Amino acid sequence: LERDREAPMIDWINVILQGVLVGGLYAMFAAGLSLIFGVMRLVNIAHGDLIVLAAYVALVTTETLGVGPLTSLALVVPLMAVIGYALQRLVLNRTLGEDLLPPLLVTFGLSVIIQNGLLAVFTADSRKLQAGDIEVATIRVFEGVYVGLLPLLQFAIAVAVIAALQFVFYRTALGRAFRATADSQSVAQLMGLDNRHVFALAMALSLAVVAIAGVFLAVRANFDPAIGPARLIFGFEAVIIGGLGSLWGTLAGGVVLGVAQAIGAHINPGWQLLAGHMAFLVILAVRPEGLFPRART
Amino acid sequence: VSVRVAFASRSSQIGMGLCAAALVALAVAPLWGGRDDPQLLSEVYTYVALASLWNLLAGYAGLVSVGQQAYVGLGAYILFAFAILAGLSPLWAIPLAGIIAAIVAMPVAGLVLRLRGHYFAIGTWIIAEVFRLLASQVSVLGGGSGISLPASLVIAIASSRQWRDFIEYWIALALVVAVLALIVLLLRSRYGLALKAIRDSELAAACNGIDVLRTRVLVYIITAAATAMVGAFIFLQRLRISPDAAFSVNDWTAFVIFITVIGGIGRIEGPIVGTIVFFALRQTLADLGTIYLLTLGAVAILVMLTAPKGIWGLIVESFGWQVFPLERSVILRDRRGVSEQRSGG
């Protein structure tokens with residue numbers, strides 16, 4: 001009898017734990033988005049599609065080289081960074097200015113191009129990266145509560161990625177350049193910084209994070225060319241829930257979103273996404289600056 | 001010295017004359033067109049209407065939404081709900097869709113307008129997603145897989161297929177004319193001036209006593225209501241609805257944005273020119289499927305980077321034409337009757 005009463009409790013602990021771990025993935029979606037918004041006030045509508053592009057790059061890498069998904073990161077991360085640098089240098093830098101419209105419309109166009117390009121090359125079939133035994137390995141926390149090794153690794157890497165970004169942003173010369181251009185483009189230029197180069201480096205860093213997120217997305221579940229926009233939305237929701245401009249906030253935002261979705265899905269499978277969006281809208285309504293807004297200095 | 005503000009210019013007088021002639025010709029299109037022309041033209045009208053409304057929001061009010069599919073789908077579902085659950089004639093449901101969408105848009109505006117600039121764009125997208133997910137939960141309207149309009153209600157519009165096509169054609173024409181007239185009147189009113197002022201400098205506008213938020217909320221709600229009426233019509237013509245079709249970001253936002261950007265954003269003629277280009281491209285490239293969307297996206301990016309004012313913007317720069325009497329010009333007239341014109345914005 002006592003066991004019966006305990007079972008739902010254990011159930012909920014499992015659900016929330018799953019949500020927290022998925023939140024790490026959402027935080028990685030969000031961190032890249034937050035980084036470039038912080039540096040150049042650009043919201044990249046193609047962000048989600050770039051995550052999916054990274055997943056396909058990883059797919060091709062694992063299939064042609066016969067390596068595992070985690071090993072493929074060694075190739076996917078630098079490749080996406082180069083794509084990011086080139087994209088910013090050749091296209092996006094031309095759109096930056098007072099007017100909000102050009103960057104928004106160009107990245108929106110880019111999103112449609114990436115989606116349909118992937119559709120033309122890889123068809124609409126859903127794919128998945130196989131990671132082998134690690135996919136099914138679990139760790140027992142205590143009786144009845146288990147966590148998968150892969151989600152745990154994903155969460156640990158998310159924390160590491162955000163810590164690394166935080167370090168780069170606040171402790172390195174590159175980070176100083178990022179913050180200087182964000183504060184005032186003209187003064188940064190007077191101090192000898194080349195803004196076009198600084199922006200391109202920020203985009204390269206953002207897409208390096210996108211690459212890691214893309215690989216974990218591809219290992220975790222099936223993907224197809226159309227799922228990009230939903231990833232953009234998850235990342236965006238995590239940014240707003242966590243608080244604009246705060247890197248650690250994106251982790252908190254990702255976790256809140258992941259837990260909300262997990263709870264929604266546990267009550268009714270059709271409510272998974274709806275519950276996440278509702279959590280976002282509630283935060284927007286009652287605390288529009290997010291949970292952990294960056295302290296104004 | 002007397003001072004007067006005039007809207008009309010020589011080119012807009014010619015333009016309105018041509019518009020009136022075109023309207024008469026189009027109104028009797030069922031007489032001279034082929035059997036399938038009314039349907040194709042109706043689709044053209046709905047895209048002109050959707051693009052003009054998006055242009056009002058993005059090009060004039062500076063509110064770049066990528067979530068207008070929320071209201072296309074909402075309007076469509078309202079029409080189907082009244083038709084299926086209450087047996088209401090779909091023709092009556094179209095204005096009802098506008099009213100209900102305006103009511104729904106009020107709290108939504110309060111939420112999404114908290115987000116600024118780019119974030120507003122993604123916020124509107126999330127609202128559209130929420131609407132789509134909610135629609136797929138409503139099992140009496142077919143849930144996730146969708147539902148058809150009852151045949152009895154369709155037949156009640158007109159007994160023959162041909163007459164139904166004609167009636168729907170005139171509704172589409174009336175809708176697009178009403179939308180364009182609404183936008184012209186709005187832009188000529190003091191709200192139009194306020195909108196332009198906000199778009200050019202929010203701070204300066206606020207300093208001159210314009211209630212920025214209130215003006216934006218108003219434009220958002222008007223656009224939502226009109227978009228919902230167009231959406232209701234589109235799915236009346238399609239006869240079948242599903243959440244994915246009604247809230248499609250490609251059909252109701254990507255195409256609409258590309259049309260407006262290519263034609264010329266921030267000008268009322270832009271969406272009309274853009275729609276003509278869009279349909280010309282579609283008739284030639286439609287067989288290519290994904291390549292078509294890819295091309296359209298690439299063309300839109302190219303236009304945005306090289307000629308951000310679009311095709312109509314280039315025409316205005318070269319010839320100074322305006323079809324709709326919108327530009328204000330100040331006319332000074334001294335006692336001897338000599339007049340001097342100064343162009344304004």
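Read on for an overview of the structure.

Criteria and thresholds
- Residues numbered from 1 in each chain as written.
- Chains lettered and ligands numbered in written order.
- Predicted model: local features only at pLDDT ≥ 70, side-chain atom pairs only at ≥ 80, totals over all residues.
- Heavy atoms only, no water.
- Helix = DSSP H or I, 4+ residues; strand = E, 2+ residues; numbered from the N terminus.
- Rg over C-alpha atoms; globule rule 2.2 N^0.38 Å.
- Buried < 20%, exposed > 50% of the residue type's maximum accessible area, 1.4 Å probe, protein only.
- Contact = heavy atoms within 4.5 Å.
- Areas by Shrake-Rupley, 256 points an atom, 1.4 Å probe, with all protein chains shown as cover.
- Lys, Arg positive; Asp, Glu negative; His and termini not counted.
- Charge placed at Lys NZ, Arg CZ, Asp CG, Glu CD.
- Salt bridge = Lys/Arg side-chain N within 4 Å of Asp/Glu carboxyl O.
- Pairing = 2+ DSSP bridges.
- Phe/Tyr/Trp six-rings, centres within 6.5 Å; stacked < 30°, edge-to-face > 60°.
- Lys NZ or Arg CZ within 6 Å of the ring centre and 35° of its normal.
- Buried area = accessible area lost by both parts, 1.4 Å probe.
- Polar contact = N/O pair within 3.5 Å; in protein donor to acceptor, adjacent residues only side chain to side chain.
- 1 Å grid on protein atoms, 1.4 Å probe; cavity = no way out; pocket = protein on both sides within 12 Å on 5 of 7 lines; lining within 4 Å.
- Points joined across faces, edges and corners; volume = space filled by probe spheres on them.
- Nonpolar A, V, L, I, M, F, W, Y, C, P; charged D, E, K, R; others polar.

## Looking at the overall build of chain A
When helices and strands are counted, chain A shows 11 helices and 2 strands. Reading the helices (α) and strands (β) of chain A from amino to carboxyl end gives α-α-α-α-β-β-α-α-α-α-α-α-α. The C-alpha radius of gyration computed for chain A amounts to 20 Å, which stays within 12% of the reference 19 Å derived for 297 residues, consistent with globular compactness. Projected onto the principal axes, the alpha-carbon positions of chain A cover approximately 75 × 50 × 35 Å. A burial count over chain A gives 52% of its 297 residues as buried. Nonlocal contacts in chain A, meaning residues at least 24 apart in sequence, comprise 75% of its contacts between residues at least 6 apart. If you sum the accessible surface of chain A, you get close to 12,900 Å²; carbon and sulfur atoms cover 63% of it. Between the centroid of the 17 positive side chains of chain A and the centroid of its 17 negative side chains there is a distance of 10 Å.

## Describing the pattern of salt bridges
Overall, the coordinates contain 13 salt bridges over all chains when judged by the stated rule. We note a salt bridge from aspartate 200 of chain B to arginine 199 of chain B, for which the minimum N-O separation is 3.6 Å. With a relative accessible area of 34%, arginine 199 of chain B lands in the partly exposed category. Two residues, arginine 216 of chain B and glutamate 202 of chain B, come together in a salt bridge whose shortest N-O distance is 3.6 Å. Highlighted residues: arginine 216 of chain B in helix α11 (residues 212-238) and glutamate 202 of chain B in helix α10 (residues 202-207), separated in sequence by 14 residues. Salt bridges here are not isolated pairs; linked through shared partners, they connect Arg89, Asp194 and Arg196 of chain A.

## What about the pairing of strand β2 (residues 145-148) of chain A?
All names here are of chain A. The pairing of strand β1 (residues 138-142) with β2 spans 4 bridges and is antiparallel. Across the sheet, isoleucine 139 pairs through a bridge with valine 147, a residue of β2. Hairpin remark: β1 followed by β2, antiparallel, with 2 residues in the connecting loop; positive phi at glycine 144, about 90°.

## A word on the packing of aromatic side chains
Any aromatic ring pair is given by two values, namely how distant the centres are and how the planes are angled relative to each other. Under the counting rule described, the total for this entry stands at 26 aromatic pairs over all chains. Between the aromatic rings of tyrosine 26 of chain A and phenylalanine 234 of chain A, the centroid separation amounts to 4.9 Å while the plane-to-plane angle is 45°, which identifies the pairing as tilted. Within this pair, whereas tyrosine 26 of chain A is found in helix α1 (residues 2-40), its partner phenylalanine 234 of chain A is found in helix α9 (residues 228-242), the two being separated by 208 residues in sequence. What makes phenylalanine 234 of chain A buried here is its relative accessible area of 4%. For the pair phenylalanine 255 of chain B and phenylalanine 278 of chain B, a centre-to-centre distance of 5.1 Å together with 55° between the ring planes defines the contact as tilted. Residue phenylalanine 255 of chain B is located in helix α13 (residues 249-263), and its partner phenylalanine 278 of chain B is located in helix α14 (residues 269-285); the two are separated by 23 residues in the primary sequence. Looking at phenylalanine 255 of chain B, the relative accessible area reads 10%, which means it is buried. Judged by relative accessible area, which is 3%, phenylalanine 278 of chain B ranks as buried. Three or more aromatic residues link up through ring pairs in this structure, and these residues are Tyr47, Phe235, Trp252, Phe255, Phe278, Phe279 and Tyr292 of chain B. Against the face of tyrosine 191 of chain B rests arginine 190 of chain B, its NZ or CZ located 5.9 Å from the ring centre.

## So, the side chain of glutamine 69 of chain B
Mapping glutamine 69 of chain B onto the fold places it in helix α4 (residues 69-86). You can call glutamine 69 of chain B buried: its relative accessible area is 1%.

## Focus on the environment of leucine 180 of chain B
With respect to the helices, strands and loops of the structure, leucine 180 of chain B is situated in helix α8 (residues 161-188). Counting along the chain gives 128 residues from leucine 180 of chain B to serine 52 of chain B, while the straight-line C-alpha distance between them is 7.2 Å.

## Topic: the interface of chain A and chain B
Across the contact, 44 residues belong to chain A and 34 residues belong to chain B. For the pair chain A and chain B, the two sides together bury roughly 3,600 Å², of which 86% comes from carbon and sulfur. Three residues stand out in chain A for area buried against chain B, namely Leu105, Phe108 and Phe236 of chain A, and they jointly supply 16% of the buried area on that side. Summed over the shared surface of chain A and chain B, the number is 0 salt bridges. Our count for the contact surface shared by chain A and chain B stands at 4 residue pairs in polar contact (both at pLDDT 80 or more). Examining the composition of the side of chain A that touches chain B, we find that 15 residues originate from one element, helix α4 (residues 101-122) of chain A, more than from any other.

## Section: empty space enclosed by the protein
Residues and elements named next belong to chain B. Under the defined criterion, the tally for this structure stands at 4 cavities of 30 Å³ or more. Its boundaries defined by the atoms lining it, the largest cavity holds a volume of some 50 Å³. For the largest cavity, the full set of lining residues is Leu50, Leu53, Trp54, Gln68, Val72, Thr223, Thr227, Trp252 and Val256. Broken down by secondary-structure element, the contributors of at least two residues to the lining of the largest cavity are α3 (37-60), α11 and α13. The element contributing the most residues to the lining of the largest cavity is α3, with 3 residues. Among the residues making up the lining of the largest cavity, the classes are represented as 6 nonpolar, 3 polar and no charged.

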